[in-house]
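# What the coordinates show
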Amino acid sequence: MVEERTTDGKRIAQLLASEVDGREDSGLSALDVADADPDAEGSADGELAYRIVSHAGDETVAFAAVYAHEDRTRVEFQAGVDAAAEAAADAGLRVRPKAVRPPRTVVFVEDGAAVKRATDAVVAALQALEETG
């Protein structure tokens, strides 16, 4: 039996967008995919595929940016960065801090099977954002 892994960065980003848009549980309905670039194919350095935004009342808050690479996707969390880092690490995903102001957390999604685990990091970051108001 042949096992196929989805390692195309564009496809992984699309799968993650579907999870964010499609899941109504865990409060994900508070998030939207915005500024999607349908032409983003992925590159070695990463190409912005879309942003994830949160709605707090009438205000739209930058939540994360999703970049397609040739062989993976990276999610740069701008909100709930500590919670995202902890949840992603607990799920076995590669995580690193990004030393900018304000700080960000970068989570690497290496294949399609890791999308559900990355979604858990999105949920954790959203819950942290909601708790801090």
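Refer to the structure printed above.
Residues numbered from 1 in each chain as written. Predicted model: local features only at pLDDT ≥ 70, side-chain atom pairs only at ≥ 80, totals over all residues. Heavy atoms only, no water.

### Examining the pattern of salt bridges
Pairs can form between side chains of opposite charge once their charged atoms are near each other. What the rule picks out here adds up to 8 salt bridges. Across the pair Arg72 and Asp71 runs a salt bridge whose closest N-O atoms are separated by 3.9 Å. Owing to a relative accessible area of 43%, Asp71 belongs among the partly exposed residues under this scheme. One connected set of salt bridges, linked through shared partners, spans Arg74, Glu76, Lys98 and Arg104. (Salt bridge = Lys/Arg side-chain N within 4 Å of Asp/Glu carboxyl O. Buried < 20%, exposed > 50% of the residue type's maximum accessible area, 1.4 Å probe, protein only.)

### Description of the packing of helix 1 (residues 9-22) against helix 3 (residues 115-132)
The N-to-C vectors of helix 1 and helix 3 enclose an angle of 50°; their axes lie 10 Å apart at closest approach. On the basis of their axis angle, the class for helix 1 and helix 3 is oblique. For the crossing formed where helix 1 meets helix 3, the hand is right-handed. In this structure, helix 1 uses Ile12, Leu15, Leu16 and Glu19 to contact helix 3, whose residues at the interface are Val115, Lys116, Ala118 and Thr119. Of the residues that constitute the contact of helix 1 with helix 3, the class distribution is 5 nonpolar, 1 polar and 2 charged. (Axes fitted to C-alpha atoms, helices over the stretch in contact; angles between N-to-C directions. Helix = DSSP H or I, 4+ residues; strand = E, 2+ residues; numbered from the N terminus. Parallel < 35°, antiparallel > 145°, perpendicular 65-115°, else oblique. Left-handed = near helix turned anticlockwise from the far one by under 90°. Contact = heavy atoms within 4.5 Å. Nonpolar A, V, L, I, M, F, W, Y, C, P; charged D, E, K, R; others polar.)

### Focus on helix 1
Along its 14 residues, helix 1 runs 20 Å from first to last C-alpha, staying within 8% of the 20 Å computed at 1.5 Å per residue. If you check which residues of helix 1 are buried, you get Gly9, Ile12, Ala13, Leu16, Ala17, Glu19 and Val20. Down the axis of helix 1, the buried set is contained in an arc of 160°. They therefore lie on one face. Buried residues along helix 1 sit in contact with strand 1 (31-34), strand 2 (47-56), strand 3 (59-68), strand 4 (73-77), strand 6 (104-109) and helix 3. Looking at where helix 1 begins, the residue whose side-chain oxygen comes 3.2 Å from the main-chain nitrogen of Lys10 is Asp8. (Expected span 1.5 Å × (residues − 1). Arc of directions from axis to C-beta. Polar contact = N/O pair within 3.5 Å; in protein donor to acceptor, adjacent residues only side chain to side chain.)

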